Amino acid sequence: MSQPVDPTTTPAWARLTALYESLEPDLRGWFADDPSRAKSFTFTAGDLYVDLSKNLINADILSALADLADQVGLVERRDAMYAGEHINVTEDRAVLHTALRAPEGSSLIVDGTDVIPEVHKVLAKVYAFADKVRSGEWVGVTGKPITTVVNIGIGGSDLGPVMVYEALQPYVKPGFTARFISNIDPTDVAEKTKDLDPETTLFIVASKTFTTLETLTNARLARSWLLDDLRESGAIEAGEDAANAAVAKHFVAVSTALDKVAAFGIDPENAFGFWDWVGGRYSVDSAIGTSVAVAIGPANFADFLAGFHAIDRHFAETDLASNVPALMGLLNVWYVNFFKAGSHAVLPYAQLLHRFPAYLQQLTMESNGKSVRYDGSPVTTETGEVFWGEPGTNGQHAFYQLIHQGTQMIPCDFIAIANPAHPLVDGDNDVHELFLANFFAQTAALAFGKTADEVRAEGTSEAIVPARVFPGNRPTTSIMAPELSPRVVGELIALYEHITFTEGVVWGIDSFDQWGVELGKQLALQVTPAVGGDEDALAKQDPSTQSLITYYRSQRR
């Protein structure tokens, strides 16, 4: 593996620095001077229509950004990822989430094994299981069909499945629901199970190693809930044999640790595996998505995977000058490193995508929240940005004030769908058109603003004119698609996966490890005895932690 290139030493970086220093953002003027600007900076990737024209760019800036990508070796590192080279250097692993959606019949040899047949073998097993649950062939211990699947996982084993399940609600089998338990806060498992019928509930425990503290704790709590309720209702008898039979019918696993799965009481035949080249935040298209496959069905899940693959091919085969994920990733570098933007808003004008910003938080910030490069040397630039957002007009009535008139520049991605799942009307008004009018208006307002003279022309009192001026020149990207189909959801996820990858290559970091999450987990294991009353363990804590634990113990009933 080649060493990372310091982007600040490249000719392209020097050119971008000069372009930034001479730049006088004027989106009004740029559009007025170039009637073809929107066309020139609008691209397609799969079913996605992506307008970059309201960004603070011109042809020279885009050219310099493409040169930067070339000079840091984006294409070479992209190709190394697709080929299965161990680009996750701190864990010595390949990075092959793209293989999870490769078509059956293709081939990719990684460490001596053709991984594509293995992927499709697991997919076939997931699909067969999904068909059994959906058809009613799979029944609980009392013979009733399953109507609720509860996914127990955390991080990538939760954020992806719950986001996709919410996004694809119109495709969920009628009468079927999925729920998701992740937080070790006991409230989560209690609230998610309190109104369920254990006879018709199936749990999917998603943990590659079957050792994740939060997931296994919640799985044990769910097992206790299941058995206690079944015994109380008389559905099963007391005794270990009856308990084992119930667990076998109401629990399956997504894991490769078959011995631990069996020890829990799950039949290893009902465990769906994946591989160490699948990072958690890149795993929703693996067996981690089993809950989604059950909810929407194998055909729709296959369409979901096809959307990923369409963007994978676009990223792999399209010239950088029109490569959408590469350009969007390079734009993020432009804003983070030159404009010093610290955050990035993702604003879906589609209620079904309400969990998409939360999903992107893990994908982007766990990937690129790094301060050392993949060779262990310090980074030479700012890295990462805080991703955040809320859907639609909800955000307009909350935080858009800061985006429009605040002192921070916050680049925004606006996402909209042409055809809604529910085309409702209010009298003579198409409500979706009212909704999208806000989408179109917000990007225009952010780009073009409102001058003091325009405010005065409205008859505004001079004393409050300054408060009503909108500076404009706030950058936005608009992403549109025909409908929120499984394919389009897959495309959107893959788009941001490759945006994240592009940024990581420029910054020279390993976007596929996550050592930053480890220390807190390790310390929690050391603190746990102190919380439980071990005075020796308490004495080993720092004074602040001692004080907090002491307060907790004094208040705990």
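Refer to the preceding data block for the structure.
Model, not experiment: these values are computed from the prediction.

## A few points about the overall build of the protein chain
- If you tally the helices and strands in the protein chain, you get 23 helices and 15 strands.
- Compactness check: the protein chain gives a C-alpha radius of gyration of 26 Å against a globular reference of 24 Å for 557 residues, within 12% of the reference.
- When its C-alpha atoms are laid out on the principal axes, the protein chain stretches across 80 × 65 × 60 Å.
- Across the 557 residues in the protein chain, those meeting the buried criterion constitute 52%.

## A word on the nonpolar core
- Formed by 128 residues in total, the largest nonpolar core has its most connected members in Trp277, Trp334, Phe356, Ile493 and Tyr496.
- Tallying contributions element by element places helix α20 (residues 486-507) first for this core, with twelve residues.
- Residues in contact with Trp334, not counting those within four places in the same chain, are Leu16, Leu19, Tyr20, Leu23, Leu56, Ile57, Ile61, Leu65 and Phe339.

## Focus on a nonpolar patch on the surface
- On the surface, Ile184, Leu213 and Leu525 cluster together to form a nonpolar patch covering roughly 280 Å² of accessible area.
- The class for Leu525 is exposed, based on a relative accessible area of 59%.

## Points about the pattern of salt bridges
- The full count for this structure, using the stated rule, is 22 salt bridges.
- Linking Arg487 and Asp47 is a salt bridge whose minimum nitrogen-to-oxygen distance equals 2.7 Å. Taken together, the residues span a long stretch of sequence, with Arg487 in helix α20 and Asp47 in the loop between β1 (42-45) and β2 (48-51) at a distance of 440 residues.
- Taken together, the shared-partner salt bridges connect Arg101, Asp285, Asp312 and Glu497 into one network.

## Concerning the packing of helix α14 (residues 324-338) against α20
- Here α14 crosses α20 at 50°, and the two axes come no closer than 8 Å. On the basis of the axis angle, α14 is oblique to α20. Handedness of the crossing formed by α14 with α20: right-handed. For the pair α14 and α20, the contacting residues are Val324, Pro325, Ala326, Met328, Gly329, Leu330, Asn332, Val333, Val336 and Asn337 in the first and Leu495, Tyr496, His498, Ile499, Thr502, Glu503, Val506 and Trp507 in the second.
- Classifying every residue of the contact of α14 with α20 by side-chain character gives twelve nonpolar, five polar and one charged.

## A closer look at the pairing of β2
- Both β1 and β2 contribute to a ladder of four bridges, which runs antiparallel. Considered in β2, the bridge of Thr42 is made with Asp51.
- Relative to strand β15 (residues 476-483), β2 runs antiparallel, the two sharing three bridges. Opposite Val50, over in β15, you have Ile479 as the bridge partner.

## A short note on the environment of Asp453
- Mapping Asp453 onto the fold places it in helix α19 (residues 452-457).
- Along the primary structure Asp453 and Val465 are separated by twelve residues, whereas in three dimensions their C-alpha atoms are 8.8 Å apart.
- At a separation of 2.9 Å, a polar atom in the side chain of Asp453 contacts the side chain of Arg456.

## Here's the deal with the packing of aromatic side chains
- Inspection of every chain in the model, using the stated rule, returns 32 aromatic pairs.
- Summarising the aromatic geometry, the rings of Tyr349 and Phe439 are spaced 5.7 Å apart at their centres and angled 70° between planes, so their arrangement reads as edge-to-face. A residue pair is termed long-range when its members are at least 10 positions apart, and Tyr349 in strand β10 (residues 343-349) and Phe439 in helix α18 (residues 431-448) qualify at 90 residues. As far as burial versus exposure is concerned, Tyr349 and Phe439 are alike and both buried.
- Between the aromatic rings of Phe399 and Tyr400, the centroid separation amounts to 5.5 Å while the plane-to-plane angle is 40°, which identifies the pairing as tilted. The two residues Phe399 and Tyr400 agree in class, both being buried.
- Here a set of aromatic residues connected by ring pairs shows up, and it is made of Tyr349, Trp388, Phe399, Tyr400, Phe414, Phe435, Phe439 and Phe440.

## Here's the deal with unusual backbone geometry
- One non-glycine residue, Asp92, lies in the positive phi region at around 50°.
- As for its placement among the helices and strands, Asp92 is situated in the loop between α5 (74-82) and β3 (109-110).
- Assessed through its relative accessible area of 54%, Asp92 is described here as exposed.
- Residues other than glycine seldom take positive phi values, yet Asn473 does so here, at roughly 55°.

## Quick look at helix α13 (residues 298-317)
- An ideal rise of 1.5 Å per residue puts 28 Å on 20 residues; α13 measures up with 28 Å between its terminal C-alpha atoms.
- All of the buried residues along α13 are Pro298, Phe301, Phe304, Leu305, Gly307, Phe308, Ala310, Ile311, Asp312, His314, Phe315 and Ala316.

## Some remarks on the sheet that holds β10
- In spatial order, the strands read β1-β2-β15-β12-β10-β11; together these six strands make up an open sheet with mixed pairing. Bordering the open sheet on either side are β1 and β11 (386-388), each of which pairs with just one other strand. When the angles between neighbouring strand axes are averaged without regard to direction, this sheet yields 20°.
- Contacts from α20 reach β2, β10, β11, β12 (412-419) and β15 within the one sheet, and its direction differs from that of β15 by about 155°.

Quick notes on the rules
Along each chain, residues carry numbers from 1 onward, in the same order as the chain's sequence is written. At least 70 in pLDDT is required for a residue's local features to be given in this predicted model, at least 80 for side-chain atom pairs to be given and counted, and no such filter applies to totals for whole chains, interfaces and linings, which use all residues. Water and hydrogen atoms were dropped before computing side-chain values, which therefore reflect all heavy atoms in the structure. Each helix is a run of DSSP H or I of at least 4 residues and each strand a run of E of at least 2, with the numbering of both proceeding from the N terminus. The atom set for the radius of gyration is the C-alpha atoms, and the globule formula is 2.2 Å times the number of residues raised to the power 0.38. Relative accessibility decides the category of a residue: with a 1.4 Å probe and only protein chains considered, values under 20% of the type maximum give buried, values over 50% give exposed, and everything between is partly exposed. Here the nonpolar core consists of buried residues drawn from Ala, Val, Leu, Ile, Met, Phe, Trp, Tyr and Cys, with membership extended through side-chain atoms lying within 4.5 Å. Contact criterion: two residues are considered in contact whenever any of their non-hydrogen atoms come within 4.5 Å of each other. Each patch is built from salt-bridge-free residues with over 30% relative accessible area, joining like charges within 9 Å and nonpolar side chains (Val, Leu, Ile, Met, Phe, Trp, Tyr) within 5 Å. Accessible surface area values rest on a Shrake-Rupley calculation with a 1.4 Å probe, where residue burial reflects the displayed protein chains alone. Each reported salt bridge corresponds to a side-chain nitrogen of Lys or Arg within 4 Å of a carboxyl oxygen of Asp or Glu. Axis lines are fitted through C-alpha atoms, for helices just across the contact stretch, and the angle between N-to-C directions can take any value from 0 to 180 degrees. Throughout this description, any angle smaller than 35 degrees is read as roughly parallel, any larger than 145 degrees as roughly antiparallel, any in the 65 to 115 degree range as roughly perpendicular, and the remainder as oblique. Note on convention: near helix rotated counterclockwise from far helix by under a right angle means a left-handed crossing. Clockwise means right-handed. Ten residue types, Ala, Val, Leu, Ile, Met, Phe, Trp, Tyr, Cys and Pro, are classed as nonpolar, four, Asp, Glu, Lys and Arg, as charged, and the remainder, Gly among them, as polar. When DSSP finds two or more bridges between two strands, those strands count as paired. Nitrogen and oxygen atoms within 3.5 Å of one another constitute a polar contact, given that in protein one can donate a hydrogen and the other can accept it, and given that sequence-neighbouring residues count only through two side-chain atoms. Only Phe, Tyr and Trp rings take part, Trp by its six-membered ring, and two of them pair if their centres are within 6.5 Å. Stacked means planes under 30 degrees apart, edge-to-face means over 60, and tilted covers everything else. The span one expects for a helix is its residue count, reduced by one, times 1.5 Å.

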